[in-house]
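# Examining the three-dimensional arrangement
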Amino acid sequence: MIEEKDSAINSERITDRSRGIPTILDDGLKILLEKVKGKNPQKILEIGTATGLSAIEMLSCCDGKITSIEINEKRHNEAVENIKKYGFENRATLLLGDSAEVLKQNLGTFDFVFLDGSKSHYLECLYLIEPMLKKGAVVVGDNVLFRGFIRGGVKYPHRQNTIVNHMRAFLDYVENGGKYDTVIYEVGDGVSVSVYKG
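What comes next is a walk through the structure.

What counts and how
- Residues numbered from 1 in each chain as written.
- Predicted model: local features only at pLDDT ≥ 70, side-chain atom pairs only at ≥ 80, totals over all residues.
- Heavy atoms only, no water.
- Helix = DSSP H or I, 4+ residues; strand = E, 2+ residues; numbered from the N terminus.
- Expected span 1.5 Å × (residues − 1).
- Buried < 20%, exposed > 50% of the residue type's maximum accessible area, 1.4 Å probe, protein only.
- Contact = heavy atoms within 4.5 Å.
- Pairing = 2+ DSSP bridges.
- Axes fitted to C-alpha atoms, helices over the stretch in contact; angles between N-to-C directions.

A few words on helix 7 (residues 161-176). Under the 1.5 Å per step criterion, the end-to-end length of helix 7 is 22 Å for 16 residues, consistent within 8% with the ideal 22 Å. Val164, Met167, Phe170, Leu171, Tyr173 and Val174 are the residues of helix 7 that are buried. Each element contacted by the buried residues of helix 7 is listed here: strand 4 (110-115), helix 6 (122-129), strand 6 (180-185) and strand 7 (191-196). In the stretch just after helix 7, Gly178 is the one whose phi turns positive, near 90°.

Listed below in structure tokens is the structure:
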């Protein structure tokens, strides 16, 4: 049954990519799920639900619940259907809206965070999330090396200036700000794993 679910989700992930819907690459997903299994979080916060596949896979690896935020209404609606299809509707709260606005609400406390929304807003979101983090919370960020533009020496087009500058600021904060112990994995499009010191 688990293998059937994994096969079905993998197929849906491939379909999403063909539709231009951003989804974590396989190597990055492996690290994400390893960290979820290792932490077995009780409350996960996800920024960037897309169609809900990463949420489903994280819930499959732990006993906890997830709160996930998505700004695109069509993707949000697809995620709602996918969560129901895989039987996780009692463990998932899917919120529609701009994460920077939704995070100003009282969402409770979290011991695991997955950042996979707008790449230029990771640091802004983390500032808002920090008061909700439990000591020892794990914060995973996807796409943090962004096509080699951030640290790989790859020349980037001017239109990517904002993303590159903001992502560099995010990495500087989690690596050098004193609040996190951070490891950067150079797999997929770059994955950061930060443990909140409290």
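The subject of this paragraph is the sheet that holds strand 4. Within the open sheet, the seven strands sit side by side as 3-2-1-4-5-7-6. Their pairing is mixed. Lying at the two open borders of the sheet, with one neighbouring strand each, are strand 3 (92-96) and strand 6. Going from strand to strand, the sheet's axes swing by 15° on average, the running direction of each strand aside. Of the pairings in the sheet, the one linking strand 1 (residues 43-47) to strand 2 (residues 65-70) comprises five bridges and is parallel in character. When the sheet's bridge partners are listed, Leu45 is paired in strand 2 with Thr67. Here helix 7 sits on the sheet in contact with strand 4, strand 6 and strand 7, set at roughly 130° to strand 6.

Such coordinate-based values are descriptive only and should not be taken to indicate function.
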